[in-house]
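What the coordinates show
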Amino acid sequence: ATFLDTVNRVMRINTVIGADDDDLTSFDDTQHVATLQIAKIAIQSTLTELTSDRIIPYEEADGTITTVGSDTLSSATRVYDLPADFIRFKGEKPFLLKLDASSNSENTVVNEYPGGEEKLRRSILDYREQLGEPRWFYLINSTTKKIGLYHVPNADNNGTVYRFPYEKSVYVTLAADTMPFTTQQEADAFADMAARRFQFMFTQQPIEGLEFDTVYKRGKANLTQLLRKTNPSSNYGYSYR
């Protein structure tokens with residue numbers, strides 16, 4: 001299902017689009033312009049809630065950086081951009097894998113510096129000026145996601161490719177964006193939740209009430225069960241041996 005498909009379902013559940021009316025074909029519709037915007041926000045907010053609760057997992061992806069190295073510090077690059085859809089590194093212990101171009105294999109692991117850049121700054125005062133083979137990386141505090149390398153790559157490490165697994169955003173903004181579900185049943189269950197949020201927003205009820213709303217909580221429980229990778233236990237109560 002696409003973002004637009006979900007908007008149509010949310011608006012039909014709330015009878016904004018009548019049974020005999022055609023679905024919206026774009027976000028440029030003028031007939032339902034106000035309710036369309038509410039539906040979009042309801043879907044995005046519900047998606048944010050579920051991903052922050054880790055009910056909907058972020059998608060996994062592989063990213064790469066290619067070093068720019070030099071024996072002159074002014075020509076070497078210390079800081080590198082992470083992918084635009086980067087949320088966080090995959091796993092509890094982030095790492096970069098050095099790709100050996102000659103054998104197309106990964107044979108060197110570069111770990112995150114313990115304690116991050118703040119600890120590195122206190123331990124090695126000139127960490128931004130030391131050239132060599134990168135041994136550690138650290139996250140940069142910035143408006144965009146970046147990492148820094150220590151050591152700063154020298155000429156021997158120019159053009160080195162590092163690969164890393166990460167979790168990417170599942171947020172939707174465009175009509176054609178795909179919702180992060182593998183089945184139509186999951187997508188419909190999500191739309192049922194978003195439709196309830198839409199109703200709260202449209203009728204100007206306190207959004208905090210969703211936490212106690214029976215319909216919303218049941219929809220969330222249904223979606224959670226559908227997204228399980230294994231079957232839930234069919235036993236009820238305690239088992240004594």
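Everything quoted here is computed from the prediction, not taken from an experiment.

It is worth spelling out the overall build of the chain at this point. Scanning the chain from terminus to terminus reveals five helices and 10 strands. Here the C-alpha radius of gyration of the chain, 24 Å, is well above what a compact globule of 241 residues would show, namely 18 Å. Considered along the principal axes of its C-alpha atoms, the chain spans approximately 70 × 65 × 40 Å. Within the chain, contacts between residues separated by at least 24 positions form 66% of all contacts whose residues are at least 6 apart in sequence. Of the roughly 14500 Å² of accessible surface on the chain, 48% is carried by carbon and sulfur atoms.

This part is about the pairing of strand 10 (residues 161-168). Direction of pairing for strand 1 (residues 59-66) relative to strand 10: antiparallel, over a ladder of eight bridges. When the bridges of strand 10 are listed, Glu59 appears paired with Lys168. Judged from the three bridges that link them, strand 3 (residues 86-89) and strand 10 form a sheet pairing that is antiparallel. Each bridged residue has a counterpart across the sheet, and for Phe89 the counterpart in strand 10 is Tyr166.

Another point: unusual backbone geometry. Comment: phi is negative for the bulk of residues other than glycine, and the bulk of peptide bonds are trans. With an omega of 5°, the peptide bond between Tyr150 and His151 qualifies as cis. The residue His151 is located in the loop between strand 8 (146-150) and strand 9 (152-153) in this model. Its identity is not glycine, yet Arg54 carries a phi of approximately 65°, on the positive side. The phi dihedral of Gln204 falls on the positive side, at around 60°, and the residue is not glycine.

Relative placement of two packed helices is described by the angle separating their axes and the distance separating the axes. Contact geometry of helix 2 (residues 33-52) with helix 4 (residues 184-202) gives a least axis separation of 8 Å together with a crossing angle of 125°. On the basis of the axis angle, helix 2 is oblique to helix 4. In the packing of helix 2 onto helix 4, the handedness of the crossing is right-handed. Residue-level contacts link Thr35, Ile38, Ala39, Ile41, Ala42, Ile43, Ser45, Thr46, Leu47, Glu49 and Leu50 of helix 2 to Phe190, Met193, Ala194, Arg197, Phe198, Met201 and Phe202 of helix 4. Across the contact of helix 2 with helix 4, the residue classes tally to 13 nonpolar, three polar and two charged.

Let us look at the pattern of salt bridges. Throughout the structure, instances matching the rule amount to 19 salt bridges. We note a salt bridge from Arg54 to Glu167, for which the minimum N-O separation is 3.2 Å. Of this pair, Arg54 sits in the loop between helix 2 and strand 1 while Glu167 sits in strand 10; the two residues are 113 residues apart in sequence, bridging distant segments of the chain. Judged by its relative accessible area of 45%, Arg54 is partly exposed. Judged by its relative accessible area of 4%, Glu167 is buried.

Definitions and limits used
Residues numbered from 1 in each chain as written. Predicted model: local features only at pLDDT ≥ 70, side-chain atom pairs only at ≥ 80, totals over all residues. Heavy atoms only, no water. Helix = DSSP H or I, 4+ residues; strand = E, 2+ residues; numbered from the N terminus. Rg over C-alpha atoms; globule rule 2.2 N^0.38 Å. Contact = heavy atoms within 4.5 Å. Areas by Shrake-Rupley, 256 points an atom, 1.4 Å probe, with all protein chains shown as cover. Pairing = 2+ DSSP bridges. Axes fitted to C-alpha atoms, helices over the stretch in contact; angles between N-to-C directions. Parallel < 35°, antiparallel > 145°, perpendicular 65-115°, else oblique. Left-handed = near helix turned anticlockwise from the far one by under 90°. Nonpolar A, V, L, I, M, F, W, Y, C, P; charged D, E, K, R; others polar. Salt bridge = Lys/Arg side-chain N within 4 Å of Asp/Glu carboxyl O. Buried < 20%, exposed > 50% of the residue type's maximum accessible area, 1.4 Å probe, protein only.

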